[in-house]
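What the coordinates show
Here is how the chains run, residue by residue.
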Amino acid sequence: MKTSFIRCILVLPVVASLAACIPSPKDLETEPVKVQTPKGEVTCQLYRQNRVVWDRAIDFPATKMSVPEADNYCRQEGQRRLNQ
């Protein structure tokens, strides 16, 4: 019983150190970009190029499109920039 408790105490700092190395989305954000769409302008929060799946809309014409639709425009813009 004492051995497993001691292992936990020894492993905890290692796990905490590794967790501190994982970047949060905030660390990967770029400057917001504006994308013109047929339904109006969408402001997108893009992330580094390899994180297109996190790209999302932070402002859009809510009376003309849904959140998923606006987010989709942002992911398309992130993918377009990735392929350049």
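All values derive from a computational prediction rather than experimental measurement.

Within the chain one finds three helices and three strands. Each helix and strand of the chain, ordered N terminal to C terminal, gives the series α-α-β-β-β-α. Buried residues in the chain amount to 25% of all 84 residues. Of the roughly 6400 Å² that the chain leaves accessible, carbon and sulfur atoms contribute 60%.

This part is about the state of the cysteines. In total, this model carries one disulfide according to the counting rule given. Through a disulfide, Cys 44 is tied to Cys 74; the S-S separation comes to 2.1 Å. Sign of the S-S torsion, about -80 degrees for the bond between Cys 44 and Cys 74, identifies this disulfide as left-handed. Linking Cys 44 in strand 2 (residues 40–45) with Cys 74 in helix 3 (residues 67–82), this pair joins segments that are 30 residues apart in sequence.

Paired through backbone hydrogen bonds, the strands of a sheet run either parallel or antiparallel to each other. Here three strands make up an open sheet; going across it, the order is 1-2-3 and the pairing antiparallel. Both edges of this open sheet fall to strand 1 (33–37) and strand 3 (56–59), since each of them pairs with a single strand only. Taken pair by pair, the neighbouring strands of this sheet meet at an average axis angle of 50 degrees, ignoring direction. Pairing of strand 1 with strand 2 involves five bridges; the strand directions are antiparallel. Residue pairing in the sheet places Thr 37 in a bridge with Gly 40 of strand 2. Contacts between helix 3 and the sheet are confined to strand 1, strand 2 and strand 3, with strand 3 contributing the most and set at about 120 degrees to the helix.

Let's shift gears to the pattern of salt bridges. Throughout the structure, instances matching the rule amount to four salt bridges. Ionic pairing is found between Glu 77 and Arg 80, a salt bridge with its closest N-O pair at 2.7 Å. With Glu 77 and Arg 80 both in helix 3 and three residues apart, the pair spans about one turn of that helix. Arg 80 gets classed as partly exposed once you look at its relative accessible area, which sits at 41%. We note a salt bridge from Arg 81 to Glu 77, for which the minimum N-O separation is 2.8 Å. Of this pair, Arg 81 and Glu 77 both sit in helix 3, four residues apart, which is roughly one turn of that helix. Among the residues examined, Arg 81 registers a relative accessible area of 34% and is labelled partly exposed. Linked through salt bridges whose partners overlap, the residues forming this network are Glu 77, Arg 80 and Arg 81.

The rules we used
Residues numbered from 1 in each chain as written. Predicted model: local features only at pLDDT ≥ 70, side-chain atom pairs only at ≥ 80, totals over all residues. Heavy atoms only, no water. Helix = DSSP H or I, 4+ residues; strand = E, 2+ residues; numbered from the N terminus. Buried < 20%, exposed > 50% of the residue type's maximum accessible area, 1.4 Å probe, protein only. Areas by Shrake-Rupley, 256 points an atom, 1.4 Å probe, with all protein chains shown as cover. Disulfide = S-S within 2.5 Å. Pairing = 2+ DSSP bridges. Axes fitted to C-alpha atoms, helices over the stretch in contact; angles between N-to-C directions. Contact = heavy atoms within 4.5 Å. Salt bridge = Lys/Arg side-chain N within 4 Å of Asp/Glu carboxyl O.

Keep in mind these values describe shape, not function.
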